[in-house]
Amino acid sequence: MKQLAYLLFGIFFGIVIYKTEVISWFRIQEMFRFQSFHMYGVLGVAVVSGALWVQLIKRLQLKSADGSKIDFSQKPFTKGHIIGGLMFGFGWAMTGACPGPLYALIGSGYLIVGLIILSALAGVFIYGVLKSRLPH
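Below: a short report on this structure. Here the structure is a predicted model, which is why all the values come from computation and not from measurement.

**Description of the overall build of the chain**
Scanning the chain from terminus to terminus reveals 6 helices and 0 strands. In the chain, the order of α-helices and β-strands from amino to carboxyl end is α-α-α-α-α-α. Seen through its C-alpha atoms, the chain measures out along the principal axes to roughly 40 × 40 × 35 Å. With 136 residues in all, the chain has 15% of them scored as buried. Considering only contacts in the chain between residues 6 or more positions apart, those separated by 24 or more positions represent 40%. Working note: accessible area of the chain is about 10700 Å², and carbon and sulfur atoms make up 73% of it. Charged side chains of the chain number 12 positive and 4 negative; the gap between the two group centres comes to 8 Å.

**Let's talk about a nonpolar patch on the surface**
Taken together, the side chains of Met1, Leu4, Leu7, Leu8, Ile11 and Ile15 present a nonpolar region at the surface, about 650 Å² in accessible area. Mapped onto the secondary structure, Leu4 falls in helix 1 (residues 2–19). Residue Leu4 is classed as partly exposed on the basis of its relative accessible area of 43%.

**Topic: the nonpolar core**
Formed by 13 residues in total, the largest nonpolar core has its most connected members in Ile17, Ile23, Met39, Trp92, Leu102, Leu105 and Val113. The set of elements that each furnish at least two residues to this core consists of helix 2 (25–32), helix 5 (102–107) and helix 6 (113–130). Of all the elements, helix 5 adds the most residues to this core, at 3 residues. With sequence-adjacent residues up to four places away left out, Leu105 is seen in contact with Ile23, Ala97, Tyr110 and Val113.

**Looking at unusual backbone geometry**
For Glu21, which is not glycine, the phi dihedral falls at a positive 65°. Tracing the sequence through the fold places Glu21 in the loop between helix 1 and helix 2. The phi dihedral of Phe34 falls on the positive side, at around 55°, and the residue is not glycine. Counting through the fold element by element, Phe34 comes out in the loop between helix 2 and helix 3 (38–60). With relative accessibility at 69%, the residue Phe34 sits in the exposed group.

**Points about the packing of helix 2 against helix 3**
Where helix 2 contacts helix 3, the axes come no closer than 8 Å and their chain directions differ by 90°. Considering their axes alone, helix 2 and helix 3 lie roughly perpendicular with respect to each other. For the pair helix 2 and helix 3, the contacting residues are Arg27, Ile28 and Met31 in the first and His38, Met39, Tyr40 and Leu43 in the second. For the contact of helix 2 with helix 3, the per-class residue count stands at 5 nonpolar, 1 polar and 1 charged.

**Regarding the packing of aromatic side chains**
For any pair of aromatic rings, the description consists of the separation of the ring centres together with the inter-plane angle of the planes. Per the counting criterion, the structure on display carries 1 aromatic pair. The interplanar angle of 5° and the centroid separation of 6.3 Å between the aromatic rings of Phe34 and Tyr40 together place this pair among those described as stacked. On the basis of relative accessible area, Tyr40 is assigned to the partly exposed category, the value being 32%.

**Topic: the packing of helix 2 against helix 4 (residues 79–95)**
Axis separation between helix 2 and helix 4 bottoms out at 9 Å; the angle between their running directions is 125°. One element, helix 2, and the other, helix 4, form an angle in the oblique class. Side by side, helix 2 and helix 4 meet where Ile28, Gln29, Met31 and Phe32 of the first sit next to Gly89, Trp92 and Ala93 of the second.

What counts as what
- Residues numbered from 1 in each chain as written.
- Predicted model: local features only at pLDDT ≥ 70, side-chain atom pairs only at ≥ 80, totals over all residues.
- Heavy atoms only, no water.
- Helix = DSSP H or I, 4+ residues; strand = E, 2+ residues; numbered from the N terminus.
- Buried < 20%, exposed > 50% of the residue type's maximum accessible area, 1.4 Å probe, protein only.
- Contact = heavy atoms within 4.5 Å.
- Areas by Shrake-Rupley, 256 points an atom, 1.4 Å probe, with all protein chains shown as cover.
- Lys, Arg positive; Asp, Glu negative; His and termini not counted.
- Charge placed at Lys NZ, Arg CZ, Asp CG, Glu CD.
- Patch = residues over 30% accessible without salt bridge, like charges linked within 9 Å, V, L, I, M, F, W, Y side chains within 5 Å.
- Salt bridge = Lys/Arg side-chain N within 4 Å of Asp/Glu carboxyl O.
- Core = buried A, V, L, I, M, F, W, Y, C linked by side-chain atoms within 4.5 Å.
- Axes fitted to C-alpha atoms, helices over the stretch in contact; angles between N-to-C directions.
- Parallel < 35°, antiparallel > 145°, perpendicular 65-115°, else oblique.
- Nonpolar A, V, L, I, M, F, W, Y, C, P; charged D, E, K, R; others polar.
- Phe/Tyr/Trp six-rings, centres within 6.5 Å; stacked < 30°, edge-to-face > 60°.

Below, the structure is given as structure tokens:
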């Protein structure tokens, strides 16, 4: 039953990001070229609402879907965060797609995005192989 709830939420999320044009490569390219405020506005709303939800979860001590405590412990900052962030940003700029909307793009009929998903999966696999030798 939980999987059905996750599926329905995923479908709802896909419709929202499709209708708000967040999955549009044109909107993403506009953002990286500083030609439009659209994506910055969407991302700003996401950051503010995310911060509000984190505060709500902490204050009400809400639990995850499986009933376990949600932990917001601090993690050490390393140069790997900078390297990973740059790689993520470059991939986003080159493909015009963030990992989250890739499935919504496929659902919208852009089957070529399957190549980007395969590339992302290859990157995850390579990371898994090299993880012990990377800075963390």
